[in-house]
Amino acid sequence: MVTEKKIKIAPSMLSADFSRMGEEVSKIVAAGADLIHLDVMDGHFTPNLTMGPQLIKSIRHYTNLPFDVHLMITHPQDYIDVFVDAGAEFITFHIEIDFPIQKVIDQIKSRGIRAGIALRPSTPISSVEPYLADLDLVLPMSVDPGFSGQSFMMSTLEKLDRLQQLIRERNTDIEIEVDGGITLDTARLVGSRGATILVAGTAIFGSDNVKEAINGLREAASA
Ligand code: DX5
Ligand code: ZN
């Protein structure tokens, strides 16, 4: 059964001050965040290196909000357990990896947490179709994975339409997450196309008023 979902805002800690990560988590929790988005990059799948399980574990006690871990790494299958042990409640990995996708989904689900698949902007939505029944979340990325502060790719909108259609046809309950270049304007566009979780780095951490930024994104996407 497809239910109407409340829009959730997931600030991306990639745009936070890494020297004060715990306080940055507390700041966005107080400002009304729904999830904490953690971007893990390995310098191989992406041209950037970010954080690992140790950092995630060290900020875990700053909040009870779910940790939404986005693995932009070549071998997620080797790290599922360490990220679950570090406190992940959602693990999303990329469909472009060279390893059986179903095995990674099963690994995540066997630890009792939620599983998501992310797609690079150039990867078609049809690639995720065989796995929809087993997924909790699909994340069509709206920028090339690697860095915050990039512009939203408008080609994401067609992909969201297609994804929404596939989910409706199956009458299944899956979150649609969008990540990259989310602003008030793009939040409106993705919210009207079924996105239920909006990741934002620059739009939140670059704002003077984090609470207004989070509320503004939620309202724009709900309109
Ligand atoms: C990009 C990351 C995003 C990014 C979002 O590879 O997955 O989470 O940090 O940052 P903004 O909102 O600045 O595009
Ligand atoms: Zn991300």
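In the block above lies the structure referred to throughout.
Here we summarise the structure given alongside this text. Small disclaimer: the values here were computed from a predicted structure and weren't measured.

Thoughts on the coordination of the zinc ion (ligand 2)
Turning to step 1, where the next piece is worked out: Only His37 (NE2), Asp39 (OD), His70 (ND1) and Asp179 (OD) from the protein reach the zinc ion (ligand 2) as donors, at distances of 2.0 to 2.3 Å.
Turning to step 2, where the next piece is worked out: Of note is the zinc ion (ligand 2), whose six donor atoms meet at the metal with angles of 65 to 167° in an arrangement that counts as irregular.
Turning to step 3, where the next piece is worked out: Site description for the zinc ion (ligand 2): donor spacing in sequence, H-x1-D-x30-H-x108-D. With His37 in strand E2 (residues 36-41) and Asp179 in strand E7 (residues 175-179), the pair connects residues that are 142 residues apart, well separated along the chain. Assigned by exposure class, His37 and Asp179 land together as buried.

Here we look at the site of ligand 1
Turning to step 1, where the next piece is worked out: Taken together, 20 residues sit near ligand 1, with Asp39, Gly149, Asp179, Gly201 and Thr202 positioned nearest.
Turning to step 2, where the next piece is worked out: At 2.7 Å, a side-chain N or O of Asp179 approaches an oxygen atom of ligand 1.
Turning to step 3, where the next piece is worked out: Against a free-state accessible area of 380 Å², the protein chains account for coverage of 99% of ligand 1.
Turning to step 4, where the next piece is worked out: For ligand 1, the cavity whose grid points lie within 2 Å of the majority of its atoms is the second largest pocket.
Turning to step 5, where the next piece is worked out: Among the elements of the structure, E2, strand E3 (67-72) and strand E8 (197-200) are those that each provide at least two residues to the shell around ligand 1.
Turning to step 6, where the next piece is worked out: Ranked by residue count, the leading element in the shell around ligand 1 is E2, at three residues.
Turning to step 7, where the next piece is worked out: Of the residues contributing to the shell around ligand 1, the split by class is eight nonpolar, 10 polar and two charged.

Rules used throughout
- Residues numbered from 1 in each chain as written.
- Chains lettered and ligands numbered in written order.
- Predicted model: local features only at pLDDT ≥ 70, side-chain atom pairs only at ≥ 80, totals over all residues.
- Heavy atoms only, no water.
- Donors = N, O, S within 2.8 Å, 3.2 Å for Na, K, Ca; no water.
- Tetrahedral: all angles 85-135°; square planar, octahedral: opposite > 155°, others 65-115°.
- Helix = DSSP H or I, 4+ residues; strand = E, 2+ residues; numbered from the N terminus.
- Buried < 20%, exposed > 50% of the residue type's maximum accessible area, 1.4 Å probe, protein only.
- Near = heavy atom within 4 Å.
- Polar contact = N/O pair within 3.5 Å; in protein donor to acceptor, adjacent residues only side chain to side chain.
- Areas by Shrake-Rupley, 256 points an atom, 1.4 Å probe, with all protein chains shown as cover.
- 1 Å grid on protein atoms, 1.4 Å probe; cavity = no way out; pocket = protein on both sides within 12 Å on 5 of 7 lines; lining within 4 Å.
- Sits in = over half its atoms within 2 Å of the grid points.
- Nonpolar A, V, L, I, M, F, W, Y, C, P; charged D, E, K, R; others polar.

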